[in-house]
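# Descriptive structure summary
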Amino acid sequence: MAVYDVVIIGGGIVGTAVARQLSSFRLMVALLEAYPDISCGTTKANGGVVHSGYSAKHGTLKAKLNVLGNRAYPRLASELGFKYVNTGSLVVGFDGSDADYIKHLYDNGLANGVAGLALLNLEQARTIEPRLNPEAKIFLYAPTAGIVDPFEVALAQAENAAANGVAVYRNCAVTGIGRAAGEFILQTGQGDFTARTVVNAAGVYADAVASMAGQKDLNIKARLGEVLVLDKELGFSLNTVLFPLPSGPSKGIVVIPTVSGNTLVSATARLVEDKEDVATTRVGVQELIAGGRRLIPEIGAHKVIREFSGLRAVAEGTGDDFVVGPVPGLPGFINAAGIQSPGIASAPAIAGMVVGLLADQGLDLQDKPDFNPYRQAPVSCSKLTDAERDELIRSNPAYGQVVCRCEGVTAGEIADAIRGPVGATTIDGVKRRTRAGMGRCQGGFCQPRVLAILARELGRDPWDIWLEYQDSAVVNGLLKEVRSDGK
Ligand SMILES: Cc1cc2nc3c(=O)[nH]c(=O)nc-3n(C[C@H](O)[C@H](O)[C@H](O)COP(=O)(O)OP(=O)(O)OC[C@H]3O[C@@H](n4cnc5c(N)ncnc54)[C@H](O)[C@@H]3O)c2cc1C
């Protein structure tokens, strides 16, 4: 049985970032993910802002890792071929007490080492974002903020890690952790995995995983946030990310342009008991629309094409900070837990810290001479010129068959997404890799065709194809048998 140098539990943005960084060393590494796909936890359900780092309290781990993570994104994006846009961000204030808080954020940001922060008036702010509420008066501009599709980042990291030798297992929930001869024995439905060291990047379930290993004092609460997706045909597009003043534990209702051309209104904040409960609510929509309109008055409910929610992993007793570190009495076990916002922005730096901690635990980090840091972005037909598209269709006519009309995704791209390293096996897995089903009709037209391509490529019956999670089939079986002559 293989003995892994490192087993990473959890295939969100943190676990995949760790996997990708470890793949540059001569190590045996495995990534175990409970769900049928990478990025099915909180990493698929958030605002995608690469925060600049002015809001996390100076001196916290969050503040340090946010700023370092933000700085890492431009290079990471160019190596891994995911979309990253350096939009900058504005905090929008309306009155005197807002002005005091904005000055506090400015000072905190300077202390955290955030570059380029500036206090602006309305006239200056409107040169950046002309659609800003004209009643706003004072603004904090952070030019280093940016945006990504977080699931694209996680997938790119997982693919590059796999290409560099990391074994990626999906449908592979860790259900127990034992110890034998100084090594960890991880029990899963796919058999036992033996590991010298373990990284716990299990999101809201990091406390359950830590408890399996013997750590009983990590408690993770789930703070649910609802998010609205607005149609691309909004009538305008935004240049920058707009924040209100923070309210309570959250950053308030934020209006965010996305790298794919939609606008998000993100997010509410409410503690929930059930870590599987990601239901959305009418009250949530109302709160989001009201919050969004305070920043951009033109935002309206009639432009909403989707609402989703995600769970922030809040580690109790930490003052809302991240928990990244070894566990006393558990040598070789490293937590990357309590990774609430800004976990997307911080992920590259969290991974860097975890790799350093593994080295402190005795892991021998020898460079792998054939490590390839680059990942080729998949073909996106809608981004090609007519001449490029013609050439591609001549080489493979499937690139001429448009399946998702809203997003212009072809049968060829869907087949690529299924055949790729860490390929899609579910309808939502295809959606995250290609955007088929992310447009205005939300899969109403293309979902049956995506299902048929998945069934063909994977050699399965259509009723064995899942939407997302285990057993989430969208068709139950045949209504009546079809004769082989088609009649
Ligand atoms: C509404 C909302 C908006 C947000 N907006 C932003 C933002 O704009 N910018 C930002 O920086 N951050 C944002 N965040 C925070 C960010 O989304 C998270 O910090 C980040 O996604 C956490 O990533 P993760 O890898 O730690 O967790 P996850 O993505 O949840 O990954 C953990 C994985 O572990 C797996 N797992 C759990 N238990 C097991 C087990 N026993 N065995 C195997 N696998 C297991 C899970 O299936 C899951 O896939 C937001 C969060 C929310 C909820």
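Preceding block: the structure.
Just so you know, these numbers come straight off a predicted model, no measurement behind them. (Residues numbered from 1 in each chain as written. Predicted model: local features only at pLDDT ≥ 70, side-chain atom pairs only at ≥ 80, totals over all residues. Heavy atoms only, no water.)

### Examining the packing of helix 1 (residues 13-22) against helix 8 (residues 343-360)
Between helix 1 and helix 8, whose axes approach to 8 Å, the crossing angle comes to 50°. By the angle between their axes, helix 1 is oblique relative to helix 8. As for how helix 1 packs across helix 8, the hand of that crossing is right-handed. Residues Ile13, Val14, Ala17, Val18, Gln21 and Leu22 of helix 1 touch helix 8, and the partners they reach there are Gly343, Ile344, Ala347, Pro348, Ile350, Ala351, Gly352, Val354, Val355 and Leu358. Across the contact of helix 1 with helix 8, the residue classes tally to 13 nonpolar, 3 polar and no charged. (Axes fitted to C-alpha atoms, helices over the stretch in contact; angles between N-to-C directions. Helix = DSSP H or I, 4+ residues; strand = E, 2+ residues; numbered from the N terminus. Parallel < 35°, antiparallel > 145°, perpendicular 65-115°, else oblique. Left-handed = near helix turned anticlockwise from the far one by under 90°. Contact = heavy atoms within 4.5 Å. Nonpolar A, V, L, I, M, F, W, Y, C, P; charged D, E, K, R; others polar.)

### Here's the deal with the nonpolar core
In terms of nonpolar packing, the biggest core is built from 49 residues, with Ile8, Leu22, Tyr73, Phe82, Val324, Ile350 and Val354 touching the most fellow members. Where this core is concerned, the elements lending two or more residues are strand 1 (3-9), helix 1, strand 2 (29-32), helix 2 (61-80), helix 5 (150-163), strand 20 (330-337) and helix 8. Residue contributions to this core peak at 10 residues, all from helix 8. By size, the runner-up hydrophobic cluster in this structure holds 32 residues, among which are Val198, Ile220, Leu311 and Ala337. (Core = buried A, V, L, I, M, F, W, Y, C linked by side-chain atoms within 4.5 Å. Buried < 20%, exposed > 50% of the residue type's maximum accessible area, 1.4 Å probe, protein only.)

### Notes on the packing of helix 10 (residues 411-419) against helix 11 (residues 427-434)
A pair of packed helices is characterised by two quantities: the angle between their axes and the separation of those axes. The contact between helix 10 and helix 11 brings their axes to 9 Å, and the two run at 110°. It follows from the interaxial angle that helix 10 and helix 11 lie roughly perpendicular. For helix 10 against helix 11, the interelement crossing comes out right-handed. Across the interface between the two elements, Glu413, Ile414, Ala417 and Ile418 of helix 10 pack against Val430, Arg433 and Thr434 of helix 11.

These results come straight from atomic positions and should not be treated as a statement about function.
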